[in-house]
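# A look at the structure
So you can see what is in the structure, the chains are spelled out below.
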4 protein chains.
Amino acid sequence: MAQHEDGRLGVGMIGYAFMGAAHSQAWRVAPRFFDLALRPEMTVVAGRDSTAVEAARVRLGWGAAETDWRAVVARDDVDLVDICTPGDTHAEIAIAALQAGKHVLCEKPLANTVAEAEAMTAAAEAAAEQGVRAMVGFTYRRVPAIALARQLVAEGRIGQVRQVRAQYLQDWIADAEAPLSWRLDKAVAGSGALGDIGAHVVDLAQHVTGQVLTGVSGLLETFVHERPVAAGFSGLHGSAGTERGPVTVDDAAVFFGRLSGGGIATFEATRFAWGRKNAIRLEVNGSHGSIAFDFEDMNVLHLYDATDEARVAGFRRIVVTEPEHPYVGAWWPAGHGLGYEHGFVHQVVDLVGALAAGEQPTPSFADGLQVQRVLDAVERSAADESRWTFVDPGPTPPPRASDDGLPGAAVPEPKES
Amino acid sequence: MAQHEDGRLGVGMIGYAFMGAAHSQAWRVAPRFFDLALRPEMTVVAGRDSTAVEAARVRLGWGAAETDWRAVVARDDVDLVDICTPGDTHAEIAIAALQAGKHVLCEKPLANTVAEAEAMTAAAEAAAEQGVRAMVGFTYRRVPAIALARQLVAEGRIGQVRQVRAQYLQDWIADAEAPLSWRLDKAVAGSGALGDIGAHVVDLAQHVTGQVLTGVSGLLETFVHERPVAAGFSGLHGSAGTERGPVTVDDAAVFFGRLSGGGIATFEATRFAWGRKNAIRLEVNGSHGSIAFDFEDMNVLHLYDATDEARVAGFRRIVVTEPEHPYVGAWWPAGHGLGYEHGFVHQVVDLVGALAAGEQPTPSFADGLQVQRVLDAVERSAADESRWTFVDPGPTPPPRASDDGLPGAAVPEPKES
Amino acid sequence: MAQHEDGRLGVGMIGYAFMGAAHSQAWRVAPRFFDLALRPEMTVVAGRDSTAVEAARVRLGWGAAETDWRAVVARDDVDLVDICTPGDTHAEIAIAALQAGKHVLCEKPLANTVAEAEAMTAAAEAAAEQGVRAMVGFTYRRVPAIALARQLVAEGRIGQVRQVRAQYLQDWIADAEAPLSWRLDKAVAGSGALGDIGAHVVDLAQHVTGQVLTGVSGLLETFVHERPVAAGFSGLHGSAGTERGPVTVDDAAVFFGRLSGGGIATFEATRFAWGRKNAIRLEVNGSHGSIAFDFEDMNVLHLYDATDEARVAGFRRIVVTEPEHPYVGAWWPAGHGLGYEHGFVHQVVDLVGALAAGEQPTPSFADGLQVQRVLDAVERSAADESRWTFVDPGPTPPPRASDDGLPGAAVPEPKES
Amino acid sequence: MAQHEDGRLGVGMIGYAFMGAAHSQAWRVAPRFFDLALRPEMTVVAGRDSTAVEAARVRLGWGAAETDWRAVVARDDVDLVDICTPGDTHAEIAIAALQAGKHVLCEKPLANTVAEAEAMTAAAEAAAEQGVRAMVGFTYRRVPAIALARQLVAEGRIGQVRQVRAQYLQDWIADAEAPLSWRLDKAVAGSGALGDIGAHVVDLAQHVTGQVLTGVSGLLETFVHERPVAAGFSGLHGSAGTERGPVTVDDAAVFFGRLSGGGIATFEATRFAWGRKNAIRLEVNGSHGSIAFDFEDMNVLHLYDATDEARVAGFRRIVVTEPEHPYVGAWWPAGHGLGYEHGFVHQVVDLVGALAAGEQPTPSFADGLQVQRVLDAVERSAADESRWTFVDPGPTPPPRASDDGLPGAAVPEPKES
């Protein structure tokens, strides 16, 4: 199974909302700009509502539609299952698909609980022995500026990492009258800002530094406890027949932690920062320099090199659109920036590349599990007077895949005594 | 012809380099995010080299390949000819296509000379009587922030336009050892920075203000007169057998002019501004406010509203990714920015919409001709001691299509005496 | 005492280093741009080294020099003692001066310990009954953009405060070979980044929101434990006769907390953020908008008003140099920005105004004590596994002077349920 | 005369409005932060209205007041006459002062006409033979970021200069109802935006590049032809007894030109750019890099070094507050920015240094005359259909003083063929 003998990669996608549209665009576009060793085919899309899924099929350009995800998993012409549903369904689908010998691309967060994520990781490890691969979709890793940031840190360009500050700021529910959605229902979404967007900045901070968080102290907050139930909106506990329903997740999460390399890091995830639309901010201060990124200016990376002559040292505003930059050469001339969805295209490119090479794509389910453990530690700390809480290291050493072959040893020894 | 009775729109594209890739992406993606009244089909692509065009066909996803553009024009299954070749070929292809009853989308600049552009415009006007349409590809008009800027100016939000400053700054040949290309050969490209990128900012300034330039004073400059001939590079006059060939176009163009509404405008186009990758900058100062744009931050428009309370007045950094903004609702949530190629998608959307409605798409060939006349006036001024030179108004009043139905009368009367 | 019958205000300044220079400039310049009800005279400056203090006297423009601060306190021609020495000396000098009937302006942090700060506050309250006033120098409150921010929040412009993020980022000891200074010696400085710069952002966050922190969770970190002893450098424990001495304070402090109005806040203070020179950043998100400030662009305040029309909403970049803005009318035309030292001038203006009016200047010693209690809570939390730690509320309700007469009741009721 | 035998430098200032306040601040503050070889004394200030000048004397801190500038020139205790009046009075005062053996600091523009400027320059050259010095106040040269820009260009850091774009954008009369002032009266001010603010960017462009403009093409525009006469406002032709008076100067000036080294430059000066408060923008593109500056962020210089590795090249945002930067070491720690008036302090420092050393301060009157000739060429071009107009080179080669000893030869040969 998963042999791709004819070079074809049949894809079955579960879910077709926001993430489904982004993934569809990626499967469609990737082969047009990149040389792929396998030929993805948009075979089938699945959703519960037959009318809606057929409309999505036509709109998004899939070959067939199914109303049960199990039918997708069962199809012979599907080599890879792409899971774009809410977090409470990830474990069941992913495990079934892996056991059926299908590769899996699963949206983040990997699962709503550590237990689910552990089961998924175990399934992925078992499947890997059969050459079946699993990847979790932390797509911001493939924004070129972030990929460059990782390169620079790994090469030791900013020296030993001392501090990280990571923020994910949005404002889409800052209006207290914004309606309820499944993202505000703990049973479906698992958590609020913490799992939805905090997961991204935890992954980015760890990915760019090449380190893991070992302990955290955190605080969760819900500012608006009840919201209007949108017309046609259903499935939230207690909302039936009433005009307002409860928000059961956090609106904002703040925490700080320690990195395995000894540095410290601060995090904030919120959907209440009026005026910040999708501000994913990451700054890393090392012993020899700093890097800084903000997704509101996603084609730019800022680098401060402390070894520059003092008179002309300053944050360099690198427009990450040059042929020398990761992924960018396949697209447009310098200065012709990319957008949000390009990260998904790059994800497909790297995933297909790994599958063709018979290698583990990254981030792996183990990577996703590790992020889940960080979120879990934040929740436990928040429930225990913000007390310092160690991140469960899992049964093995920190499971960081070396996804780009850059040796950690490239980071120079610190100058500190 | 051009009846679209079955809702199908067969597209034949001539040329497959940078612009060909952008147009292909647009034809492919537009139907996935927008409801189109016609169904574009990527029928055929043409290029002179049979091997190369077949490779492009596969890569870019076209149904067939031809080595002669005439064969594309002759095909019954082609309803629209999309011209992505250098400027010296535009007139011949476009006129033949229009006479054959094919709609035409032609890359900018419309032509290399005013005479060619006039012939093309005449052909377009004749074809229009048969319901055959022609459009020129000033794609930056469809960047959402630019579209918003036009809306705001047309609504009178900044009052009467007094000043415009427009710059298009690049650096891709700032290195004197960068090799020759067709863009540096006057016979092929028509002009250098002036026609290639200056044309864009002339169009944008006129589009956003809803006015035309009536006279100009200009200066053209070539900084590097000879360049290395790249391996395999040919076709430049006098370069055969030598290592270096002449640059026969301008490296930079600077000019100022007057707008039909009485304001003044400054322009600069250069490929020598080290560090500026694709900085298309437009600022408009009106009697009641200002708008400012820079393509290096393409998802943002800045607005200064002079009627705001003085204590809290300031340029507003509008992240143009809200559902209320032009084109944006079809894409991603707020803050998830678009990239360079999305303007091409929007161009296809508007073009197809106009075709389906039997209306003239904009910018028309007449609009392209008018831009060409501005460039011509700049060249004549530069050749005549920078003397003030009137832009040829053409046989009719300024041919500005009212492309969005916004009445010029919406601009309030100036307060000035 | 402190009668100012002749309109004269004799000033005696203790210390003449960085802060001494800034205070001298303020005393000299304030009367030239502002109408002051009292006439400050730069009567005497004090320092231990007679040669150095005489040189400082000439350079900074004081009338006389003393080598013992007690002599300054004892002088009849001194009405106000301006304390610019390290924190370990504040309590003794301030209490003596107040008891001698002299007004006191004391640099921040108020003291190195809560106990000292309490004693100083008690002395200030006793003195106040005699009309003798005490003020602590949180000078950034008087940066015009910060003063405007406070106005806007107090007026309810951004609604109820939900989140604050405050950072003070510097890099002056990011180089591990930067030498020791008194600021790195706990016995002299009290703490490191926490007390030196963290105190500023705690004060600013509380000042701008009009609220106090009620509890915190924190982490302190020292990255470089030993540093070279600079030539001529002395007074650090254990450094005698050795080449390196210990750093006994924190290099970075991170913490989060709750505000008395229910919001949450995050804080970071570090001297290790390469490339950030004096980045004091404050962002406040309310129920109806946001404000943002960065001292690296100190003449600018950013305001997002969520009640603006969605299509044109965006952070407004307010250049705070208009006559309508706090303090600014006394200086230059619009756009002619102010610098670091102007905050000290405004501090003198407000202090002299309060003295002349017989009112309590702000921030009071009680305000300084309250900041000290926050820092103390951070230190206690950091020493106790980052556990949530309540800020000691003191014997009375939160001692926030209403320094500008803006009623907290102006903040509208939250929309939240 | 002008012997300074006792180290004292008596200053007499003519005029006490905006510029008078800035100059007073500079004379007062300079000795407090810089070691000056002479000891400036603020001896006397002059103005026509005896009440107003006495109030200014007290406020600005001068020793005496005079109502006739001739009395200042005649005083034995005045060594230097500082001219802060409108341009129509500069020639008479400066020539008289120089002939009386007084050093002169004269505000810009040097004069309202080339003829006046020539007479002043002749007087300055005659006086120089007696050791009497004259300087014109292009104070923005002494903003540290501009001084650094000049250093970098002179050292060849950006290679041979190819392009300059210089803008001075304000908005203080963008409101058509803003009242008349002497700055809008040609008889007093000489010209409008061109001479008032255009003069500054002409000087800066020439100063930073070390080159002069040799020819220009320009356009002047007046948007608002009549304005309200402010209460108490007088002296404008035709305004007596009426409510509105004519604006007799340009509101905006746009022009481009050629530099003596072969590059091209564009300029714009306007008071109608809503939202731009004092935006002095200068960008220089060389063969190896670029520098960029905007006074709205005056403590920052941007540098693009094209020799940086492509992957990490980007405009460096240099915070010009380090000890290595010009002038800055005398002030505050890194990151504690300076404001508008500091340029005036640095002007005093350099002027006093030159006087003490018996050297010519820069910019000289000859430098000011050369700027005047550029402005004159712009006016002549604007009056002659924007035709190319050569800048009068004067009787001698371009009179650029080598004010910092940096050899032009340090600029590397261009790579161009």
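What counts and what doesn't
Residues numbered from 1 in each chain as written. Chains lettered and ligands numbered in written order. Predicted model: local features only at pLDDT ≥ 70, side-chain atom pairs only at ≥ 80, totals over all residues. Pairing = 2+ DSSP bridges. Helix = DSSP H or I, 4+ residues; strand = E, 2+ residues; numbered from the N terminus. Axes fitted to C-alpha atoms, helices over the stretch in contact; angles between N-to-C directions. pLDDT = per-residue confidence, 0-100. Contact = placed C-beta atoms within 7 Å. Expected span 1.5 Å × (residues − 1). Buried ≥ 20, exposed ≤ 12 C-beta atoms within 10 Å, placed from the backbone.

- By the naming in an unreviewed UniProt entry, chain A is Dehydrogenase, taken from Cellulomonas cellasea DSM 20118.

### Some words on the sheet that holds strand E3 (residues 64–66) of chain C
Residue and element names in this part refer to chain C.
- Taken in spatial order, the six strands of this open sheet run E3-E2-E1-E4-E5-E6, and their pairing is parallel. Edge positions in the sheet fall to E3 and strand E6 (134–137), since each has one partner strand and no second. Across the sheet, the mean angle from the axis of one strand to that of its neighbour is 25°, orientation sign disregarded.
- Pairing of strand E1 (residues 8–14) with strand E4 (residues 80–83), which is carried by four bridges, proceeds in the parallel orientation. Residue pairing for E4: Val 11 is matched across the bridge by Leu 80.

### Observations concerning the confidence of the model for chain A
Residue and element names in this part refer to chain A.
- For chain A, the average pLDDT comes to 92, and 91% of its residues sit at 70 or higher.
- For the stretch residues 233–240, pLDDT sits under 50, and the model shows twelve contacts to residues farther than four places along the chain or on other chains.
- Confidence over residues 397–417 falls short of pLDDT 50; this stretch has 35 contacts with residues more than four positions distant or in other chains.
- Both scores are available for the predicted complex, with the pTM at 0.94 and the ipTM at 0.92.

### Brief notes about helix H5 (residues 114–128) of chain B
All names here are of chain B.
- Taking 1.5 Å as the rise per residue, H5 with 15 residues should run 21 Å; its terminal C-alpha atoms sit 20 Å apart, in good agreement.
- Restricting attention to buried positions, one finds in H5 the residues Glu 116, Ala 117, Glu 118, Met 120, Thr 121, Ala 123, Ala 124 and Ala 127.
- Of the surrounding elements, those touching the buried residues of H5 are helix H4 (90–99), strand E6 (134–137) and helix H10 (365–382).

### Notes on the sheet that holds strand E5 (residues 103–107) of chain A
Residues and elements named next belong to chain A.
- Spatially, six strands are ordered E3-E2-E1-E4-E5-E6 in an open sheet, and the strand pairing comes out parallel. Because the sheet does not close on itself, it has two edges, and the strands there are strand E3 (64–66) and strand E6 (134–137). Neighbouring strand axes in the sheet, compared pairwise and without regard to direction, differ in orientation by 25° on average.
- Bridging between strand E4 (residues 80–83) and E5 involves four bridges; their strand directions are parallel. Each bridged residue has a counterpart across the sheet, and for Val 81 the counterpart in E5 is Val 104.
- In this fold helix H2 (residues 50–60) packs onto strand E2 (39–46) and E3, with an angle of close to 160° to the strand it touches most, E2.

### With respect to unusual backbone geometry
- Residue Pro 109 of chain A follows Lys 108 of chain A across a cis peptide bond; omega there is -10°.
- Its place among the elements puts Pro 109 of chain A in the loop between E5 and helix H5 (114–128).
- In the segment running from Thr 362 of chain B into Pro 363 of chain B, the intervening peptide bond is cis, with an omega of -5°.
- Residue placement: Pro 363 of chain B occurs in the loop between helix H9 (342–357) and H10.
- Positive phi values are uncommon outside glycine, yet Tyr 327 of chain A reaches one of about 70°.
- Relative to the helices and strands, Tyr 327 of chain A resides in the loop between strand E16 (315–319) and helix H9 (342–357).

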